[in-house]
Amino acid sequence: MTENSLPANAGFGIDVGGSGIKGAIVDLDTGEFVGERHKIATPQPATPEAVAETITAIIEHFGWDGPVGITLPSVMKHQVARSAANVDQQWIGTDTQELFGRHLPGREVTVLNDADAAGLAEVEFGAAEAREGAAIFLTLGTGIGSALLLEGKLFPNTELGHMIVGKKEAEKQASSAVKDKKELSYKDWAKRVNTVLEEYEKLFNPDVFLIGGGISRKFDKWSGYLTLETPVMPANLRNRAGIVGAALAAQRGVKP
Ligand code: BGC
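For the protein, the name recorded in an unreviewed UniProt entry is ROK family protein, with Corynebacterium phoceense as its organism. For the protein, the Sequence similarities (unreviewed entry) comment in UniProt is given as "Belongs to the ROK (NagC/XylR) family."

Quick look at the structure:
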């Protein structure tokens, strides 16, 4: 991509997931991708070194030389990963600034939790409800990721997917991966989601739940089975959210 075909406010985001690592140039005025996103299968094992090499390849694919935002399925404290879900446990304790300083020397790199990134993207480009009052944004995918939002400001690194609901972690009962693995109908799976959301509702009393992740595209198939008092809405950005949020965080220099 040549410099002059880029929008004035272009950024770059990369979303690291358990199965794919995806990157795209993002128009930060609209939240749209500029051209196609590029995806490479997540290396196995997904160690910090292997993932950093894949990320470097994605950046080179675009010839991008500006700041880069990266999501990880990890709690991020001062740019050090403190947990690792669906990526190698070697991430725990990894200083991402040191890692990317070696792989992408001289480059401004910002790393944040994947659900936090998606929540930030929703605030900027999604439903108005994400910017108003107290909102809980959840991504239902391989796990359950969460972003707590108050008037559009993020309380980072919440891990509601790991909350014990009944006897098990929420994400072990109601992620979309569980639906696939157990071949649950939308109805049976939605009942599990409802149980989890009821627990969150009891403890946090938000104004709204916003649901992202691939399964939010099929929201109409299962939302009818939810019986909460709190409104539940699908997120607008769907699977663009992680990349867009990463690019936004990089532009703002937000370094959780
Ligand atoms: C992780 C979170 C992550 C979520 C979605 C959970 O298992 O603990 O950090 O946001 O999965 O990937």
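1. Some thoughts on helix H8 (residues 241-252)
Between its terminal C-alpha atoms H8 stretches 16 Å, which fits the 16 Å expected from 12 residues at 1.5 Å a residue. With respect to burial, H8 is a largely interior element, 10 of its 12 residues being buried. When H8 is considered as a whole, its buried residues turn out to be Ala-241, Gly-242, Ile-243, Val-244, Gly-245, Ala-246, Ala-247, Leu-248, Ala-249 and Ala-250. Residues of H8 that are buried make contact with strand E1 (10-16), strand E2 (20-27), strand E3 (32-41), strand E4 (68-72), strand E7 (109-113) and helix H3 (114-125). Among the residues trailing H8, Gly-253 stands out with phi positive, at a value near 65 degrees.

2. Some thoughts on unusual backbone geometry
Between Gln-44 and Pro-45 the backbone carries a cis peptide bond, its omega angle lying at -5 degrees. Among the structural elements, Pro-45 can be located in the loop between E3 and helix H1 (48-62). Within the chain, Glu-183 stands out as a residue other than glycine whose phi angle is a positive 50 degrees. Among the secondary structure elements, Glu-183 is positioned in the loop between helix H5 (176-181) and helix H6 (186-204). Taking relative accessible area as the criterion, Glu-183 reaches 72% and is therefore assigned exposed. Not every positive phi belongs to a glycine, and Asn-205 is a case in point at roughly 45 degrees. Along the chain, Asn-205 turns up in the loop between H6 and strand E13 (208-212).

3. Regarding the packing of aromatic side chains
With the rule as written, the count across this model stands at 4 aromatic pairs. Ring geometry for Phe-12 and Phe-62: centres 5.3 Å apart, planes at 70 degrees, overall edge-to-face. Pair noted here: Phe-12 is in strand E1 and Phe-62 is in helix H1, with a separation of 50 residues, a long-range link. Across the pair, exposure class does not vary: Phe-12 and Phe-62 are buried alike. Ring geometry for Phe-219 and Trp-222: centres 5.1 Å apart, planes at 75 degrees, overall edge-to-face. Of this pair, Phe-219 and Trp-222 are both found in helix H7 (residues 219-222), 3 residues apart, which corresponds to roughly one turn of the helix. A relative accessible area of 9% places Phe-219 in the buried class. Three or more aromatic residues link up through ring pairs in this structure, and these residues are Phe-12, Phe-62 and Trp-64. We note Lys-179 situated over the ring of Tyr-186; from NZ or CZ to the ring centre the distance is 4.1 Å.

Each value, and the rule that gives it
Residues numbered from 1 in each chain as written. Predicted model: local features only at pLDDT ≥ 70, side-chain atom pairs only at ≥ 80, totals over all residues. Heavy atoms only, no water. UniProt positions renumbered as here; feature names shortened; annotations may be inferred. Helix = DSSP H or I, 4+ residues; strand = E, 2+ residues; numbered from the N terminus. Expected span 1.5 Å × (residues − 1). Buried < 20%, exposed > 50% of the residue type's maximum accessible area, 1.4 Å probe, protein only. Contact = heavy atoms within 4.5 Å. Phe/Tyr/Trp six-rings, centres within 6.5 Å; stacked < 30°, edge-to-face > 60°. Lys NZ or Arg CZ within 6 Å of the ring centre and 35° of its normal.

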